[in-house]
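A structural walkthrough
In case you want the letters, here they are:
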Amino acid sequence: MTSRMHTPHTTCPSCHEEVFLDELVGGRCPLCGYSLDEDDGTCSEYEETLERSDLGWMIFQLFVFKRFCSRGASPFQVMQVLSRYEELAQCNPADAEKMQFTLEVPMGRLERLLPKRCAKCGKIFFSGGKAVISGDLSAPEHPKTYICPSCNQ
């Protein structure tokens, strides 16, 4: 039994069972018949769907997603902005660079207590309202602005 433990073995990617290499039948799994000789460690299912050109878009999405979620924006809202940006980029890349967005973010405890100036009407308010970040994706910074309860409706 101890000599069997040191025998080279692998896990079949098809049936997920442990298979000893000396039990292979013509390079195939004896349980399901999956060819283990052709498997080079990569998953062929993803090679067909994921192209190298998609990698840049995925990195961009991750960067934007992490940036806005770290500011407190809802992941659902961020994904809506990204899908809208993708649609614009396919139709007209120049319009996509100038795409405006507005995301609601939570206010901190101190922010809720301090006076704030409404970005729409200019009134000063103390409670209620909401905080938003807005701008376009090409801008390096997205300042937080506040909207009073009367303009929020």
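Small disclaimer: the values here were computed from a predicted structure and weren't measured. (Residues numbered from 1 in each chain as written. Predicted model: local features only at pLDDT ≥ 70, side-chain atom pairs only at ≥ 80, totals over all residues. Heavy atoms only, no water.)

**Some words on helix α4 (residues 75–91)**
If you check α4, its first and last C-alpha atoms are 25 Å apart, about what 17 residues at 1.5 Å a residue would give, namely 24 Å. Turning to α4, its buried residues are Val 78, Val 81, Leu 82 and Tyr 85. One side of α4 carries all its buried residues, which in axial view fall inside an arc of 95°. Opposite the packed face of α4, turned more than 90 degrees from it, sit the exposed residues Phe 76, Glu 87, Gln 90 and Cys 91. (Helix = DSSP H or I, 4+ residues; strand = E, 2+ residues; numbered from the N terminus. Expected span 1.5 Å × (residues − 1). Buried < 20%, exposed > 50% of the residue type's maximum accessible area, 1.4 Å probe, protein only. Arc of directions from axis to C-beta.)

**Some details on a nonpolar patch on the surface**
Where nonpolar side chains cluster on the molecular surface, the patch consists of Leu 55, Met 58 and Ile 59 and spans about 290 Å² of accessible area. On the secondary structure map, Ile 59 appears in helix α3 (residues 52–70). On the accessibility criterion, Ile 59 (53% relative accessible area) is exposed. (Patch = residues over 30% accessible without salt bridge, like charges linked within 9 Å, V, L, I, M, F, W, Y side chains within 5 Å. Areas by Shrake-Rupley, 256 points an atom, 1.4 Å probe, with all protein chains shown as cover. Salt bridge = Lys/Arg side-chain N within 4 Å of Asp/Glu carboxyl O.)

**Concerning the packing of aromatic side chains**
Per the stated rule, a full pass over the model turns up four aromatic pairs. Measuring from ring centre to ring centre gives 5.4 Å for Phe 60 and Tyr 85, while their planes differ by 35°; the resulting arrangement is tilted. With Phe 60 in helix α3 and Tyr 85 in helix α4, the pair connects residues that are 25 residues apart, well separated along the chain. According to the relative accessible area criterion, Phe 60 is partly exposed, its value standing at 24%. A centroid spacing of 5.0 Å and a plane angle of 55° characterise the contact between Phe 68 and Phe 101, whose relative ring orientation is tilted. One end of the pair, Phe 68, is in helix α3; the other, Phe 101, is in strand β3 (residues 100–105), and 33 residues separate them in sequence. An identical accessibility class is assigned to Phe 68 and Phe 101; each is buried. (Phe/Tyr/Trp six-rings, centres within 6.5 Å; stacked < 30°, edge-to-face > 60°.)

**Digging into the sheet that holds strand β6 (residues 130–136)**
Strands sit in the order β3-β6-β7 across an open sheet of three strands; the sheet is antiparallel. A strand with exactly one partner marks an edge of an open sheet, and here the two such strands are β3 and β7 (144–147). Along the sheet, successive strands turn relative to each other by an average axial angle of 35°, direction set aside. Where β6 and β7 come together, four bridges link them in antiparallel fashion. Across the sheet, residue Ile 133 finds its bridge partner in β7, namely Lys 144. (Pairing = 2+ DSSP bridges. Axes fitted to C-alpha atoms, helices over the stretch in contact; angles between N-to-C directions.)

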